[in-house]
Amino acid sequence: MSIQNRQWILNARPSGRLTGEEFRWNEASIPQPSDGEVLIRTLWLSVDPAQRIWMSRDSYKPAVPLGDVMQSFAVGQVVESRHPDFKPGDLVRGDFSWQDYVATDGKRFGGMHKLPPDVPPNLALSLFGVNGLTAYFGILDIGQIKAGETVVVSGAAGATGSVAGQIAKIQGCRVIGTAGGKKKCEWLVKEAHFDAAIDYKSEDIGDRLSALCPNGIDVFFDNVGGAVLNEVLARINLKGRIALCGSISRSDPSEPGPANYFNLTARRARMEGFTGLDYPARVPEAFEALGRWQREGRLVQKEDVVVGLENAPRALLRLFSGENFGKQLIKVADATV
C-alpha cells in the first residue's frame, strides 16, 4: 500500500471549454476511516460529461466545492473497514473521487454498493452502472418506444447512447445515430446494429435526417443538444417524445440552443429531462435485462481506457473533443486477491 494519497483538486470553475487547468495535483496522507466508514483504494474511475456540470454548479447533486477532490463514480476495493456491512477485499461502487484512497460511510450521492461477483469492475461503471441505467430507463420509460417507430440517438457511439439505441433495436424500432467520424459511424451500423449513422463532422445533419427519416421522428434520445436537437425538433412527429439525457454541446457557450422548440406545441410532443438514478426500486429489473441481452449477443459494449490517475484531466477533456470512442474509463490500480 502506498504511503501517499495522490489527488486531483478542483481549483477553478470552468469558463467555456475545459482546458485541464481547472485541476491541481496534490499529494496527501492516506485518510483513516472513522466508526461506520471504510477505507477504499480506487481501482477504476468513470469519466462522464455530467462531471463538467458538477464542476460548475449545483444540479441533481451539489457542485464540487473549490479546493475539494474532484468527484467521480468509481469502483474501489475495501482496504480497511469499520462498517458492519463491508469487509476488506470487497469491491464496491459509489460516488467517490479522483484520488487513490477515500474514507467514506457510503452515504454520498447514489450510495455505496458491493459488486456482484460476476460483474467486472469496468462493466460496473458502464453497462451495469449509471450509463446502463440511464439508457434503459431513458429509452423505455421516458421515450416510451414502440415497435416500428423511428428513433434517433445523438452521441450514439458513447457509453449511454450506444446502449439506448441498441435497446430500441431490440424492441423493434428503426434506429439512426449521430456520431463524430467515419470509424464511429461504421461501428454503430456494423457492430451495434443501428439502421444508419450520421457523421456530424462531415455530413449535413438536417439533410441526412430528412433522407433517413422521411416520415419524421417519433423518439429522440439526446446526449448533445444544440444543432442536433434543433434539427430533430424540426422533424418531430405528432406525440413524439424527447428524452433529454445530456447536452455536451453546451460545453461551448457559443453553441446556440434550439430555435425549433415551438414544434413541441404544434406536434403536441413532449421533452423531458431525467437521470439514470431516478428509479432505485427498479435497478434489478434493468440490470437483469441488460445482462440477458448481453449474454444473448444482442447488446455490445465499447470501452476507451486511459491508464493512470495522473491522466484523469486528459481523459475528461477527451469527452468534449470527441476523441473518446465508447465508455471513457480510467484504470488506476488492480484489485488484490
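Anything mentioned here points back to the structure above.
Since the model is a prediction, treat every value here as computed from it, not as a measurement. (Residues numbered from 1 in each chain as written. Predicted model: local features only at pLDDT ≥ 70, side-chain atom pairs only at ≥ 80, totals over all residues. Heavy atoms only, no water.)

Caption draft 1: Focus on the sheet that holds strand S13 (residues 270–273). Judged by pairing direction, the sheet is parallel, and its six strands sit side by side in the order S10-S9-S8-S11-S12-S13 without closing on themselves. Either end of the sheet is taken by a strand with one partner, and the two such strands are strand S10 (196–199) and S13. Sheet twist, expressed as the average angle between the axes of neighbouring strands with direction ignored, equals 15°. Two strands pair when backbone bridges link them, and strand S8 (residues 150–153) and strand S11 (residues 217–222) are joined in this way by three bridges, in the parallel orientation. Following the sheet pairing, Val-153 is matched in S11 by Phe-221. (Pairing = 2+ DSSP bridges. Helix = DSSP H or I, 4+ residues; strand = E, 2+ residues; numbered from the N terminus. Axes fitted to C-alpha atoms, helices over the stretch in contact; angles between N-to-C directions.)

Caption draft 2: Summary view of the side chain of Asn-324. Note on placement: Asn-324 falls in the loop between helix H9 (312–321) and strand S15 (327–331). With relative accessibility at 9%, the residue Asn-324 sits in the buried group. There is a polar contact of 3.0 Å between the side chain of Asn-324 and the backbone oxygen of Gly-326. (Buried < 20%, exposed > 50% of the residue type's maximum accessible area, 1.4 Å probe, protein only. Polar contact = N/O pair within 3.5 Å; in protein donor to acceptor, adjacent residues only side chain to side chain.)

Caption draft 3: Layout of the environment of Leu-319. Mapped onto the secondary structure, Leu-319 falls in helix H9. Owing to a relative accessible area of 11%, Leu-319 belongs among the buried residues under this scheme. Spatially, the C-alpha atom of Leu-319 lies 23 Å from that of Gly-67, the residues being 252 residues apart in sequence. What Leu-319 contacts, discounting residues up to four positions off in sequence, is Val-47, Asp-48, Pro-49, Ile-248, Asn-324 and Gln-328. (Contact = heavy atoms within 4.5 Å.)

Caption draft 4: Fine view of the pairing of strand S12 (residues 236–244). Pairing of S11 with S12 involves five bridges; the strand directions are parallel. Within S12, the residue paired with Phe-221 across the bridge is Ala-243. Between the parallel elements S11 and S12, the chain passes through helix H6 (residues 226–233) in a crossover that is right-handed. Judged from the four bridges that link them, S12 and S13 form a sheet pairing that is parallel. Note that in S13 the partner of Arg-241 across the bridge is Arg-270. (Right-handed = clockwise from strand over helix to strand, strands pointing away.)

The values reported here are purely geometric and, on their own, carry no functional implication.
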